[in-house]
Amino acid sequence: MAAAAAGGSGGVQIQVLSNRADLISGGQALVSVSLPARVKPSSVRLWLNARSVASKFAVRPNGLFEGLLTGLRVGLNQFSAVPPGRRGATITITDHPIGGPVFAGPELKPWTCEAGATDAACDKPTAVSYLYEPLGSTKLQPYDPSNPPGNVASTTTETGVTVPFIVREEIAYEDRDQVRTEVLWQPGQPWSPWAPQPQWNHKLYIVHGFDCHDTRGVTDAPWGDAGSTYPAGGLPGTIDSSVTALGMGFAVTSTALDNSAVDCNPALQAESLVMDKEHIVDELGPLKFTIAYGCSGGSLAEQWVANAYPGIYQGLIAQCAFPDMGSVAQQVVDYESLGNYFTGATRSNPFAWTPIQEAEVDGTGIETIPLLDTDATFSAALFFPFAIPSNCGDYSVNDETYVPGNEVYNAQTNPGGVRCGLTDWNINLLGPQPQSAWDAQEHALGRGFAGVPIDNVGVQYGLQALEKAEITPAQFADLNAKVGSFNVDWNPVPERIPADEPALANAYRTGLIDEANNLNQVPIIDLMGPNDPGLAHDTFRAFALRARLQREFGTSANMVIWQGPISIIGDAKFTSTALRAMNQWLNSIASDTSNRSTAQKVSADKPSGIGDECTDGGGGILANHLCPQLIVPVYGTPRMVAGESITTDQNSCQLVPLDRSSYPVTFTDSQWAELKAAFPAGVCDYSKPGHGQQPTVAWQTYETASGHVIYGGRPMGPAPASRPCVVRRGRQVCSA
């Protein structure tokens, strides 16, 4: 927070409170000016683009000299504050359209707006309504201020303020999509960013959606947590954590674009959240900290955004977790490849596979608790189609189709059509295929489709199963000779195709593969139940993230894992309990005034009662450690069976020569010939980093100042700060 209006020992300083000064959107910004001692705020000249804006500033009830600047023009704006005597401060504020983009790069088209949109950016008037919590219920109901019901419950916030449980809900439109925000509100009472109503605790809780695919049109912002929505109607005893947060005094928000079901792109998700938080600050006031919650694709969104754009959140609650889309893709793609082999015409009759053998190859079978291939089959059937470029609308929210059928890509009849699917949705991040990899359609169009950041070159499927004598040398050789891979349209091909560059390296640097190299800056509470089975929420993924933290920092002290017996979610009380625990953890960090780094504070200030735990499904703690394997088993992946570690983030491995003596079995000459043909350049050496593997680069932009795409991104650099300036005689301009 900025310094007091007067009394500072230095010169004039300007702080843009809404956001980074170069990422402002929508034409307004909350600004604070700190002044040297003995300078009267009323004497200060305040200019925006050489226009006086002194009337917008005053010493506010919070003691700060603040104002809400409006009327910013798209592009560069100069704001200056000059006390008597010509020396002052200036800062450049860069404004972007409320419809975006800000930093995620040129927006993909086509895009379908809702009815009532006022322009092509899908802007609509903001809608405000009210809700309330009835006595004896936690389900919010519509509230009419002109005819208030008589059964309104009350709540006492964490700061000790008791108010009727009445909630203001705002539906707005930013970045071409919907935003929803709720906060405890007393109708008829004033609220300004420098004097909010006292029940607000200056904290924000962000909820996320599910899945991971793309939808090219406006959808509803996601709401609710897994315990309150799964199974239908919610688990008995579950309270939606958004209601818990509201009752504690939090504001709660979500954006349609933080829902991975409609936008599985970390830069665009981050952009929507940055814009949303900015306008919450402008309307409600500055934030102390932000907590994120998400299950499945929601956990994916918060974890890769936190790593690629550290600072958007201060704490993560991840349930039924996925660390990212980029590394999870290897599991799904392998499941599809293996499924094609096990069920396809390429499978030779002499090598009949039992279900247990198939499970040992795909990682879904462990000795004591065989899952067989249910998870692999389901994951391939559900997730693999998200990559296929001709699937436009089939997997959209509300089953809506946003791209007319005659505009959809078809390799034969419409090669220039709209390519849906996750790689092309992320083309700003990945970049296009190099010309050397173009297929006939790309040559005909004169441009490359989005690069493919994964391959299976050198992957020895079933290696550990072979070593444990669970499959035969003949099966191993036949499988690896015939498993094949996929082309840019995600159609199966018999050969193994190398990953595209620079798409592979870009997947790491952009955060599509979450390397966790910035995640030590946030506390993480991971909530986990047993693998469904069959719905692809594999428990190993939380341990993959924990292993990445340990690889990067030598510790994972900032991450705790809570387990329980309920499929996927673990425990009916997890989300609200985790919210309170995370709030306690962040309060402890906020009160730490030492010179330790944020990462050091995150680990050092973890309350003693927060750690790994095993619960009974109803909120009761059974043990202060992880649950036994029989309660929450951990399965593997095809590449873990092939020798990759549980970090599972080598989308393309380095190779070593094929060595017949390295196997504990004997191959016939014909089998060895099959393996040599399958691995002409060698097999994976997982002891070395993967090809292109590198840390995620924080805070990248994907467009130039003129609006052109920067494939793979470019770091934004430090946020703009105010700088001293001098007023030239007779001019209303403060020059550095």
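Residues numbered from 1 in each chain as written. Predicted model: local features only at pLDDT ≥ 70, side-chain atom pairs only at ≥ 80, totals over all residues. Heavy atoms only, no water.

Attention now moves to the overall build of the chain. Looking only at helices and strands, the chain has 18 helices and 31 strands in total. In terms of C-alpha radius of gyration, the chain reaches 27 Å, essentially the compact-globule figure of 27 Å for 736 residues. Structurally, the chain occupies a C-alpha span of about 90 × 60 × 50 Å along its principal axes. For the chain, buried positions account for 59% of its 736 residues. Accessible surface for the chain amounts to roughly 27300 Å². Of this, 54% is attributable to carbon and sulfur atoms. Where the 45 positive side-chain charges of the chain centre and where its 72 negative ones centre are 15 Å apart. (Helix = DSSP H or I, 4+ residues; strand = E, 2+ residues; numbered from the N terminus. Rg over C-alpha atoms; globule rule 2.2 N^0.38 Å. Buried < 20%, exposed > 50% of the residue type's maximum accessible area, 1.4 Å probe, protein only. Areas by Shrake-Rupley, 256 points an atom, 1.4 Å probe, with all protein chains shown as cover. Lys, Arg positive; Asp, Glu negative; His and termini not counted. Charge placed at Lys NZ, Arg CZ, Asp CG, Glu CD.)

Another point: the nonpolar core. Ranked by internal contacts, the top residues of the largest apolar core, which has 88 residues, are Tyr309, Ile312 and Tyr313. Top contributing element to this core by residue count: helix H3 (residues 266–283), with 7 residues. Excluding anything up to four places from it in sequence, isoleucine 312 contacts Ala270, Leu273, Val274, Lys277, Thr290, Val305 and Trp699. Counting 39 residues, the second-largest nonpolar core is a separate cluster that includes Leu246, Ile317, Ile525 and Val560. (Core = buried A, V, L, I, M, F, W, Y, C linked by side-chain atoms within 4.5 Å. Contact = heavy atoms within 4.5 Å.)

Glancing now at the side chain of glutamate 302. With respect to the secondary-structure elements, glutamate 302 resides in helix H4 (residues 297–308). An unpaired buried charge is present at glutamate 302: no salt bridge exists, and lysine 277, the closest side chain of opposite charge, is 13 Å distant. Here the side chain of glutamate 302 touches tyrosine 293 through a polar contact of 3.4 Å, landing on its backbone nitrogen. If we ignore the near neighbours within four places in the chain, the residues touching glutamate 302 are His208, Ala292, Tyr293, Gly294, Tyr313, Leu316, Ile317 and Ala318. (Salt bridge = Lys/Arg side-chain N within 4 Å of Asp/Glu carboxyl O. Polar contact = N/O pair within 3.5 Å; in protein donor to acceptor, adjacent residues only side chain to side chain.)

Before going further, it helps to spend a moment on the state of the cysteines. Inspection of the entire model under this criterion finds 7 disulfides. Disulfide pairing places cysteine 212 opposite cysteine 264 at an S-S distance of 1.9 Å. One disulfide, between cysteine 212 and cysteine 264, carries an S-S torsion of -95° and so falls in the left-handed class. Note that cysteine 212 is positioned in the loop between strand S16 (203–207) and helix H1 (226–229) and cysteine 264 in the loop between strand S17 (251–255) and H3, a separation of 52 residues in sequence. (Disulfide = S-S within 2.5 Å.)

The next subject is helix H14 (residues 540–553). Look at H14: 20 Å from first C-alpha to last across 14 residues, which is about the 20 Å you get at 1.5 Å a residue. With 10 of 14 residues buried, H14 lies mostly within the body of the structure. Those residues of H14 that sit buried are Phe540, Arg541, Ala542, Phe543, Ala544, Leu545, Arg546, Ala547, Arg548 and Leu549. As for H14, its buried residues are in contact with H4, strand S19 (315–321), helix H5 (328–343), strand S22 (524–528), strand S23 (559–563) and helix H17 (638–641). (Expected span 1.5 Å × (residues − 1).)

Turning our attention to the side chain of aspartate 175. Along the chain, aspartate 175 turns up in the loop between strand S14 (166–174) and strand S15 (177–184). In this structure, aspartate 175 is buried with no salt-bridge partner, the nearest side chain bearing the opposite charge being arginine 176 at 6.1 Å.

We now examine the environment of valine 683. Within the secondary structure layout, valine 683 lies in strand S27 (residues 683–684). Residue valine 683 is classed as buried on the basis of its relative accessible area, which comes to 6%. For the pair valine 683 and proline 657, spaced 26 residues apart in sequence, the C-alpha separation works out to 6.3 Å. Apart from residues no more than four positions distant in its own chain, valine 683 is found in contact with Gly458, Gln460, Gln654, Leu655, Val656, Leu658 and Tyr663.

Structurally, aspartate 424 is set in helix H8 (residues 422–425). For the pair formed by aspartate 424 and tryptophan 304, sequence separation is 120 residues and the distance between their alpha carbons is 18 Å. Residues contacting aspartate 424, with those up to four places away along its chain left out, are Leu108, Arg419, Phe449 and Ala450. In terms of polar contacts, aspartate 424 uses its side chain to reach the side chain of arginine 419, at 3.0 Å.

Here we come to the confidence of the model for the chain. Looking at the chain as a whole, the pLDDT averages 92, with 94% of positions reaching at least 70. Confidence over residues 1–9 falls short of pLDDT 50; this stretch has 29 contacts with residues more than four positions distant or in other chains. (pLDDT = per-residue confidence, 0-100.)

In this section: the packing of helix H2 (residues 241–248) against helix H15 (residues 574–590). Axis separation between H2 and H15 bottoms out at 8 Å; the angle between their running directions is 40°. Comparing their axes, H15 and H2 come out oblique. Along this stretch, H2 crosses H15, giving a crossing that reads as right-handed. Contacts from Ser241, Thr244, Ala245 and Met248 in H2 reach Thr575, Ser576, Leu579, Arg580 and Asn583 in H15. Of the residues in the contact of H2 with H15, the class split is 3 nonpolar, 5 polar and 1 charged. (Axes fitted to C-alpha atoms, helices over the stretch in contact; angles between N-to-C directions. Parallel < 35°, antiparallel > 145°, perpendicular 65-115°, else oblique. Left-handed = near helix turned anticlockwise from the far one by under 90°. Nonpolar A, V, L, I, M, F, W, Y, C, P; charged D, E, K, R; others polar.)

This part is about H3. In this model, H3 (18 residues) spans 26 Å end to end at C-alpha, consistent with the 26 Å of a helix rising 1.5 Å per residue. For H3, a buried count of 17 out of 18 residues is recorded, marking the element as mostly surrounded by other parts of the structure. Two to three positions downstream of the cap, the backbone nitrogen of alanine 267 sits 3.0 Å from a side-chain oxygen, assigning the N-cap of H3 to asparagine 265.

Reading across from one edge, S1-S3-S7-S6 is the order of the 4 strands in this open sheet, with antiparallel pairing throughout. The open sheet has two free edges, formed respectively by strand S1 (13–16) and strand S6 (57–59), since each of these has just one partner strand. Mean inter-strand twist for the sheet, computed between neighbouring axes without regard to direction, equals 25°. H3 rests against strand S3 (28–34) and strand S7 (65–70) of the sheet, and its axis sits at about 60° to S3. (Pairing = 2+ DSSP bridges.)

Okay, unusual backbone geometry next. Proline 110 follows lysine 109 through a cis peptide bond whose omega is 0°. When you line up the elements, proline 110 lands in the loop between strand S9 (87–96) and strand S10 (127–132). With an omega dihedral of 10°, the bond running from glutamate 501 to proline 502 counts as a cis peptide bond. Along the polypeptide, proline 502 turns up in the loop between strand S21 (492–493) and helix H13 (503–509). With phi around 65°, alanine 469 is a residue other than glycine that occupies positive phi space. The topology assignment puts alanine 469 in the loop between helix H11 (463–467) and helix H12 (473–482). On the accessibility criterion, alanine 469 (66% relative accessible area) is exposed. Its identity is not glycine, yet alanine 516 carries a phi of approximately 65°, on the positive side. Mapped onto the elements of the fold, alanine 516 is located in the loop between H13 and S22. Residue classification places alanine 516 among the buried positions, given a relative accessible area of 0%.

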